Each structure stands twice: as C-alpha cells, then as structure tokens.
Amino acid sequence: MRVIFLICFLLFTSSMFAQVTKINIKNDKDITIEQAFKEIENQAPYYIAFNRTRFDADKRIHISIENTSLDEALKIILDETGFDYKITGNHIVIVENKQQAQVSHQKVSVSGYVRDADTGETLIGCYVMEPDGKSGVTTNAFGYFNMTRPSGACTIIAHYLGYAKQSINLNLMRDTVLNIKLKPSQTQLREVVVLGSQTAEKQLSRPQMSTVNLGSKEISKMPVLLGSHDVMRALQTLPGIQAANERSTGISVRGGGIDQNLFLLDDAPVFQISHIGGLFSIFNNEAVNDVKLYKGDIPANYGGRISSVTDIRLKDGNMQKFGMSGGIGLLAADLTVEGPILKDRVSYLVSGKLGGWGGLVGKVMPALDLSFYDLNIKLNAVINPKNRVYLSSYIGSDVMPVLDSKYRNNTLSLRWNHVYNPKLFSNVSLIYSNYGYRSETRTTEYTDSNNAYSWESGIRQIALKAEYNYFINDKNTLDFGASFTFNDLVPGKLEGSKQAIDGISRNNPFSNRVIEEHGVLEEALYVSNQQKITDKLSLRYGVRASFYQNLGGHWVYRLNDAHQVADSFYVSKKKTYANYFSIEPRVSINYRFLRNTAVKASYTYTSQQLQLLMKTNGGGPLDVWFPSGVNIKPQTASQYSLGAVQYLFGSTLEASIEGYYKDMRHVIDYKDGASFLDKNAIYDIDKTNYNFEEQLRTGRGYAYGVELMLKGSWRKFDGFATYSYARSKRRIEGINSGETYLSPFDKPHTFDVFLNYDLSERLSIAANFRYQSGQVTTVPAYAIEIFDKALTGYTKRNDYRLPSYQRLDLSLTYLCKKKPGRRWHGEWNFSIINALNHLNLYYANFVTNEENPNIIDAKGVYMWEFMPSLSYRFHF
C-alpha cells in the first residue's frame, strides 16, 4: 500500500512540477527538436528520452517560448509530430500519440492550388514533393495538385523556378486542402534559368520527353526583332524546331509541315499564328504565363495534328493589386493591364498590341504599309474552393493595303474547373475559334464597282470538351475525357460580277468558282495513366480514339486513279460521308538507372483530319484549310523516340540527347507542274475550283534525327547550346517520277548557342547564334526556244540546296534604377539582328535572260541585313 501511495505521490508531484516549471526558449532561427530538448534539460530537472529510429529529433522547427509551463512547452515542440510525452521520475519519455497510432495505417489526401503570393496567379508545373525529393507530384494546367500521404506528421516542399522554395510541416489526421502561396525570388536581376535539385528530380523521375517549356521571363531574355519579344521566335531557337523560313514565325517540328502543328491559346485552337506574312506572331508575351510544346511525346488528351502541339496559357490576372506593363518598339507597341475586381475572388486581364502604328509606318515607308492588332481579354472568378470559372477571348486582325486584303482571328473559351473531391479534378470547356481571309481587289483593267470582286476563305470551329484528372494515389494519376468538335470550312469562295470574274480567268466558267462550305464533325475519347512502378521506373500509357465525319449538304466529286473527276454525288445535310475512325496509342517510359541519369523512350500515334493548302512553305494568310474526304485520307504519323538526360556539377548543368524516327502517311504535296505554283498564284482562282484536289498527290513522308542539348547556369552566366541532325524525306507517286525526294523542311545540320551574362544588377547582355543547312529548292536545268516560245526544264524535286544559313543576334538590356516606394520599373533593350551582316539567301528567282533565252538568270532575295532596334518596356 505504501508503494502504491509513493508512486501516486511521485506522479502527482511530477505533474505539478511540470505545470509550475517555466521554460524560455528564444530563437530567431530554426532549430532542431533535439536542440529544443536540451534547452528544456538546462532549465528543468528532467532528462528527455526518445527512440531515434521512430522519432525524428533532427526535424527543424521555428518556435519562440517565453515564460511557458513545461507542459505547454513540450506540446508546442511536439505539435504536428504525432508524438506525446509522459513523465516517469526524473525522465520525460517521448511516446507515440495513441490517437496517431490508431490511424497511422491510414492514407490521407493533401490537395489544393499553388499560386504566386503577390499576384494570385496559379503556377503550372510546380513540383510538390517530400523533403528527400524521391516522391512528388506536379500541378496541372490550372495549378491544382493532389498527393497521398500516410496520416501523421510530414513535411512537404513546394518548388517552382524563379520562386523561393517553401517547406510546410503538417500533422495529417484527415484529408487536407492546402493552398500554397510562393513568393518570387527577391532579386533585381532578370529571371534566369537556374537548375536546382528539385528541377532535376522532376526531369529524372517523370516519363515525359520531347517537350519544351518556356515562360514569359525566359522569352524576354532573347534578342528582339524590330523591338518586340516573340514567343514563336524564341521557340525557333530550340532543337527539333525550325523556322519555316527566315521571314516566318511558322515552324516545322522534326521535319513536319506547317499545318501539322496545333496551337492552343487557353484551350482554343488558333489557325493563323502570324502577322504581316510572318514577321510577328499573334501571341503577346506580356500576357503569356506558360508555353509548352510537345514535339514527339504528345499526351492522349491532345489530338488533331501529327507533328506537335503548342499549349499556350495566358495569365489569369492579378488578384491582389492593379498592375500594368507595356512596351514600345520600332513597328509595334503593347499594353497590358490587370487587377482584382473582388480581391482574392475575381480578376481581369486586358492585353493589346498594335502594329504598324495604325498605318503611320506605311506613310513613311510605303513598303510597310500595313497594320495589325491583337487584343486578349480574360476574366477569372473563384466561385468557392471547389469551383472556378475562366472566360478568355482573343481578337486579332491584319490589314494589308498592298494586297487590298485583310484577315482576322477570333477565339473564345469558357472553362469551368470543379473539384469533386480531393482526388477528382475536372475542366469543362466551351470553345469557339474563327479565322478568315478576305481580299477585295479591283483589277487594273476594271475600275468601276461592276468589275470588283472578292475572294475569301476561312475556318470556324466550335468545340465542347470535358477533361478529368483522377489522382488514384502517388503512384497513379489517371487522365480521361471526351470532346465533340464541329468545323465549318470555306476552302475558297469567289464573289463578284460575271464580267469581273471573266476578266480574271476567261478560260473557266464562273459556275465553277464557288466551293460550298464543308462541315466536319470530330468526336474523341481518351484515357491515360501515369504510373510509378518503382523508384527507378515510371510509365505513362494511354489511348485516344478519334472519329471523323464529313457532313453533307453539297456535291462531292470523286477522282479516279488518274486523279481526274470520275463521278459526283450529292449528300443531303442530314447525312455524313467519308467517315474515318482512328485508334491512337501513346506510351512513354522513364528509367532512372543512376542518381543523376535517366533514360527515356516513347511511342506516339497521331492522326489529322484538316489540311493546309499552302502557296509557300512558310505559311501565310493566302493558305487554305480544307478537310479530308473521299479523295484525300487523314494524315497519320507514328513517332518513336529514345533519349537520355543527365545532370552534372551539382545539377547546375543539364545534358540531354534524343533520337527519333517519324513515319507519316497520306502526306499531301503538289503534283509536278501544278497550275497554281506560278508567280501569279495570288490571283489564280483554280484553287477555288472543286478540282483543286486534282493538283494534289498523297503519299509517305518520313523524318529522323538526333538532338543534343546543354543548358544551365553558373554564377552570372546562363544559356544553352544545341545541335540537331535532322532529315525529312517524302515518296509520293506522281511527284519526282515516284522517287524519294527531300521535303521542303529538310535541313540536316542546325547549331544554336544562346548565352546571357549579367554585367551588374541592372545591366545584362545576350547573344544568340545559329548555323543551319540551306533551304532545298528546285532550280531550272535548261532553257530552250521552240517556235519563238521559251521553255524551261527543271531538276528533280528539291534537288538543289541554297547556301548555309548563319546569323548572330545581340542585345543589351538596361534596368532603370528602382526607387524605394516607387512601383514603376522600366528597362531599355538595344538589339542587333544579324550583327555580322551575313546575307542569308531567302529564296532565288529564276528568270529567262531577255537577250538570250537559253540563259537563265538567278536573282537572290535576302531578308535581314544588319538591323539595330531600340525598345522600352515598363512594369507598374
């Protein structure tokens, strides 16, 4: 009895002493739990015991305890650890919390959004991971993430390029919603690509390859053309992506055609990405949040093109405060304003760009008598924690008085994000896109209104799609969805009086001058899963099913084996014809066989219903979209890729190599001697006739190559160097006598170097150098005169290559001095395009010599000579 009484007395007095003893731990920095325990041992007559194999005493905590009881001090220290304590004699024993022990076998979900702390902008592709970096997830296209963790104490880290890393301590007892706000890195230097261990970990562990990711800050470091930063010209410097030609912002990806690339602006497709025939793209860099280009390993949720997908996401608009930015260049000016309508709930973004200064440039330089504008408007509303709505619109137009023509681009996307539960995220989108070209021309022979005519073409698309992300667990993320798309195409329509039409082309009757509108339906289903098999092996596999249907309501003309119209039939509006079904598997694998090295491989099968009938290989407003049908089947491509990535010198340098082979079927090209390849093709109306398909041939194309890249940063330097060996060939019956020939995008060797150096906190210089094999072309081989008429014979298709291309661009950026309390920040950029003044042959004109018809003169045309530019940008 005395023993029991003594034990109770000791426990009581120990408890009372724990309440009476006062503890003080003043700390300005994080300390470990073990260091906190030692502070307690110095102030109280107790020794603290714990099991190191179960209790993490090295965990760092930030506490400040002042005149607090021992009991409360221990609770503060052990908060979110899942452990408790008990006092036995003069020992404090750290024990596992009973409640925690009961649920330790359970799994709980941690989900939420990652945003910019200053603007509320969601951060796409942010890495949320465990401290060891071995397990983690990335935020989706709307900044949402979900990860599964054992209940109890844990730490997660959020890391995003250009932002301060944030470590968050949690005590997980149930599913938790966690909205993370990251602070931008506090530096006055312009944003640079700094490769860290977290970035390396994401690249080494994910089964994603053949992907290019850019932000607006990376794009703004590049030397600028005519005073304007451009998304597309930045992409053209990267491996596997070639400029269609020096003038154009259009691209060829791994040897594919211009029309084989899908461009999405906030989910809405854009069918014409260029202004002024290619000098500028329609994308305003100040409004762009994220640019992701898939050049091979295309996820199953994308479809409709066989070479690449460029997914461009606009900024959501600042939810915290009003902001403004803009710039003035030689040919264009832009302005972006954003801010909250309701703080933390509703925001707006308005971004516009005006080119040609509203026609003022044309008055000074008649050769540049043109103008264009872009306008982006976006609203972003947080309805509640589970629902968010986006409304995004783009309006753009070009006016070209030289050609008496103009074209327009309009897109509209309404998107609804819904979180059904922490594991199921959805995005439902209603999308509208409209592109049209119209030329209203008067011939020199006819000046009265009775002889005016117009020619127009265009495409309009309406789509509804639903996309879902199901986060099964940390090892499996399931994506699935469906889409329904209606395309309304006007391949070419000529309108005007009979007199005007006959004045243009007297050989063809006016009745053949109109192609009725074509309607095309596309339905698609997809499902894919990203799975982590082991710490070293991960997969992504899926399939997309696409169904194409041509809608009736017009006459259909069928060609025979000689590519001549053999018969015709009428299809009523309620019926479909030329139905095509496509199963498109996608798979990629990542194996991490060393700590800093991973091997990746992928296979992608894609199909494409819409084609582009191009006057030139650079792409432009005169090109015509038309659908597959009874004579032309949808294009398809199978692409195989194999590569490796390795990080060196503490993850400051990334080295990668990637090889690919792409097999394309039903690729289109003009037959030899097609009638609308002549120099008067702008006014040639043959391509508006139903028989334009007679001028085309389809066959096989294939491309293969190797891409190498080094990128990184060291002290004040950052940049990249790339080399690509790329071949692109075609074999089509009826072209080049059926023999294999080089495609217009065959450029075997491309070498790029970009380097940025920060001279000081306010001054930086950048250089970009490119060397590339010359463009292929077909040249005259001979000229003869028969019956006083000169006839020209040509070499085989694309059998001659122009001289190699090389260009050095330089830029100097000066950041104006920041003044305390002043929100206005400005910067000047001075750039030189083609600093070495190397004349790169754009194309060659071959004309018969007037004095001797047996001689053919070649006249080279050059695009850019030495060209300086000055621009000013500001942020408020």
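Scroll up for the structure.
Residues numbered from 1 in each chain as written. Predicted model: local features only at pLDDT ≥ 70, side-chain atom pairs only at ≥ 80, totals over all residues. Heavy atoms only, no water.

*Asks:* It is not clear to me how the environment of S528 should be interpreted in this structure. Could you clarify?
*Replies:* The residue S528 is located in strand β34 (residues 518-532) in this model. On the basis of relative accessibility, which here comes to 9%, the residue S528 falls in the buried class. Residues S528 and T477 lie 51 residues apart in sequence; the distance between their C-alpha atoms is 8.4 Å. In this structure, S528 is in contact with A300, T477, L478, D479, Y541 and G542, ignoring residues within four places of it in sequence. (Helix = DSSP H or I, 4+ residues; strand = E, 2+ residues; numbered from the N terminus. Buried < 20%, exposed > 50% of the residue type's maximum accessible area, 1.4 Å probe, protein only. Contact = heavy atoms within 4.5 Å.)

*Asks:* Got a minute to help me understand the sheet that holds strand β9 (residues 127-129) in this structure?
*Replies:* Sheet strands pair by backbone hydrogen bonding; their relative direction is either parallel or antiparallel. The strand order across the open sheet built from 4 strands is β10-β9-β12-β13, with neighbouring strands paired in antiparallel fashion. Of all the strands in the sheet, the pair left with one neighbour each is β10 (136-138) and β13 (166-172). On average, each strand axis in the sheet is tilted by 20° relative to the strand beside it, whichever way the strands run. The sheet contact formed by β9 and strand β12 (residues 152-159) spans 3 bridges and is antiparallel. When the bridges of β12 are listed, V128 appears paired with A158. (Pairing = 2+ DSSP bridges. Axes fitted to C-alpha atoms, helices over the stretch in contact; angles between N-to-C directions.)

*Asks:* How should helix α3 (residues 70-78) be read in this particular structure?
*Replies:* Note: α-helices contain 3.6 residues per turn, so residues at a spacing of three or four share the same orientation. Where α3 is concerned, the buried positions are L70, D71, A73, L74, I77 and L78. Seen along its axis, α3 keeps its buried residues to an arc of 165°; they face one direction. (Arc of directions from axis to C-beta.)

*Asks:* Honestly, the sheet that holds strand β24 (residues 308-314) in this entry has me stumped. Any pointers?
*Replies:* In spatial order, the strands read β16-β23-β24-β19-β20; together these 5 strands make up an open sheet with mixed pairing. Since the sheet does not close on itself, it has two edges, and those belong to β16 (211-214) and β20 (268-269), each with one partner.

*Asks:* Sorry if this is basic, but what is going on with the pairing of strand β11 (residues 144-150) here?
*Replies:* Regular strands place side chains that alternate from one sheet face to the opposite one. For β11, a buried count of 6 out of 7 residues is recorded, marking the element as mostly surrounded by other parts of the structure. Sheet topology note: the strand β8 (residues 107-116)/β11 ladder contains 7 bridges and is antiparallel. Following the sheet pairing, K107 is matched in β11 by P150.

*Asks:* I'm lost on the pattern of salt bridges in this one. Help?
*Replies:* If charged atoms from side chains of opposite charge come close, those side chains can pair. This model, assessed by the stated rule, comprises 33 salt bridges. One salt bridge connects R254 with E707, and the closest N-O pair in it is separated by 3.0 Å. Pair noted here: R254 is in the loop between β18 (251-253) and β19 (261-265) and E707 is in strand β44 (residues 696-714), with a separation of 453 residues, a long-range link. Since its relative accessible area comes to 1%, R254 is described here as buried. (Salt bridge = Lys/Arg side-chain N within 4 Å of Asp/Glu carboxyl O.)

*Asks:* Just to check I follow, could you spell out the nonpolar core for this structure?
*Replies:* A general feature of soluble globular proteins is that nonpolar side chains tend to end up buried together. In terms of nonpolar packing, the biggest core is built from 30 residues, with L214, V231, L235, L238, F283 and V291 touching the most fellow members. Mapped onto this core, the elements with two or more residues apiece are β16, α7 (231-235), β18, β19, β23 (288-294) and β24. Take this core: its biggest share by element is 4 residues, from α7. Among all residues touching V231, those that are not within four sequence positions of it are I219, S281, F283, N285, V288, V291 and I312. (Core = buried A, V, L, I, M, F, W, Y, C linked by side-chain atoms within 4.5 Å.)

*Asks:* For this particular structure, what's the right way to read the packing of aromatic side chains?
*Replies:* When we look at a pair of aromatic rings, we describe it by the centre distance and by the angle of the planes. Throughout the structure, instances matching the rule amount to 25 aromatic pairs. Both rings, one in F547 and one in F581, keep their centres 6.3 Å apart while their planes meet at 65°; by these two values the pair is edge-to-face. Taken together, the positions of F547 in strand β35 (residues 537-551) and F581 in strand β38 (residues 576-594) put the pair 34 residues apart, joining distant regions of the chain. With relative accessibility at 28%, the residue F547 sits in the partly exposed group. (Phe/Tyr/Trp six-rings, centres within 6.5 Å; stacked < 30°, edge-to-face > 60°.)

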